[in-house]
Amino acid sequence: MPLIFELRPSNSSDMAFCWPIYREAMQPLTEALTQWNEAAQRKLIEQAVGHAGTSILKTESADAGWLQVEETGGAVQLRHLYLAAPMRNRGLGSAFLVWMKDRADRKRKDLVLEVMTNNPAQRLYERLGFKPLTTTDNKVTMRY
């Protein structure tokens, strides 16, 4: 089955694309639980965009979202996955997660992620076979 997405490494100029997607997705979730700190959140995303494991998710030759993956000896950790609003609910996130699960399986590693307890994406992760491991500080760690 052909992939419906491509990945390209991020670079510092992608901050203008990544920041608004992150902010739009995370600010309402964060404010529901605690105070939103704009400067701290922006710095977090600047660091993520500059990280070697960060990629821009593309579909139909257009930037659709961004993600960050880190790999250790025993696990592949999905640190960030955000889609631009017009790209959501089109199967792109599911296709990427299935691809990541297959990749982790081939490497014989767990695929691990954290999601805020009030994030609706948790239902998607559960539907795709991720199981909750722990809950701390308003975040659920999940593993496939």
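Look up a bit, the structure's there.
Residues numbered from 1 in each chain as written. Predicted model: local features only at pLDDT ≥ 70, side-chain atom pairs only at ≥ 80, totals over all residues. Heavy atoms only, no water.

## Description of the packing of helix H1 (residues 15-33) against helix H2 (residues 38-49)
Rules: Note on geometry: axes are C-alpha line fits, over the in-contact stretch for helices, and angles between N-to-C directions span 0 to 180 degrees. The way it works is that DSSP assigns letters per residue, a run of H or I at least four long becomes a helix, a run of E at least two long becomes a strand, and they are numbered from the N terminus. Oblique is the label for any angle not under 35 degrees, not over 145, and not in the 65 to 115 range, which are roughly parallel, roughly antiparallel and roughly perpendicular in turn. Handedness of a helix crossing follows the sense of rotation of the near helix relative to the far helix, less than a right angle counterclockwise being left-handed and clockwise being right-handed. By the convention used here, residues are in contact when the closest approach between their heavy atoms is within 4.5 Å. Residues are grouped as follows: Ala, Val, Leu, Ile, Met, Phe, Trp, Tyr, Cys and Pro are nonpolar; Asp, Glu, Lys and Arg are charged; all remaining types, including Gly, are polar.
Where H1 meets H2, the axes come as close as 10 Å, and the angle between the chain directions of the two elements is 130°. Classified by the angle between their axes, H1 and H2 sit oblique to one another. Note on packing geometry: the crossing formed by H1 with H2 is right-handed. Between H1 and H2, the residues in contact are Met15, Cys18, Trp19, Tyr22 and Arg23 and Glu38, Gln41, Arg42, Leu44, Ile45, Glu46 and Val49, respectively. Its residues placed into classes, the contact of H1 with H2 shows seven nonpolar, one polar and four charged.

## What about the environment of Phe17?
With respect to the helices, strands and loops of the structure, Phe17 is situated in helix H1. When the C-alpha atoms of Phe17 and Trp66 are compared, they prove to be 8.8 Å apart, with 49 residues separating the residues in sequence.

## What about the packing of aromatic side chains?
We apply this condition: Working definition: a ring pair exists when centres of Phe, Tyr or Trp rings (six-membered ring for Trp) sit within 6.5 Å. Plane angles under 30 degrees give stacked, over 60 give edge-to-face, the rest tilted. Note on classification: 1.4 Å probe, protein chains only; a residue is buried when its accessible area is under 20% of the maximum for its type, exposed when over 50%, partly exposed between these limits.
Counting across every chain of the model gives 10 aromatic pairs. Centre to centre, the rings of Phe5 and Phe96 are 5.7 Å apart; their planes meet at 70°, and the pair counts as edge-to-face. On the criterion of sequence distance, the pair formed by Phe5 in the segment before strand S1 (6-9) and Phe96 in helix H3 (residues 92-106) is long-range, its members being 91 residues apart. With respect to class, Phe5 is no different from Phe96; both count as buried. Arranged with centres 5.9 Å apart and planes meeting at 55°, the rings of Phe130 and Tyr144 form a pair that is tilted. Within this pair, whereas Phe130 is found in the loop between helix H4 (121-127) and strand S6 (131-136), its partner Tyr144 is found in the segment after strand S7 (139-143), the two being separated by 14 residues in sequence. Look at Phe130 and you get buried, because its relative accessible area is 1%.

## What to know about the side chain of Gln27
Along the chain, Gln27 turns up in helix H1. The residues contacting Gln27, other than those within four sequence positions of it, are Tyr22 and Trp36.

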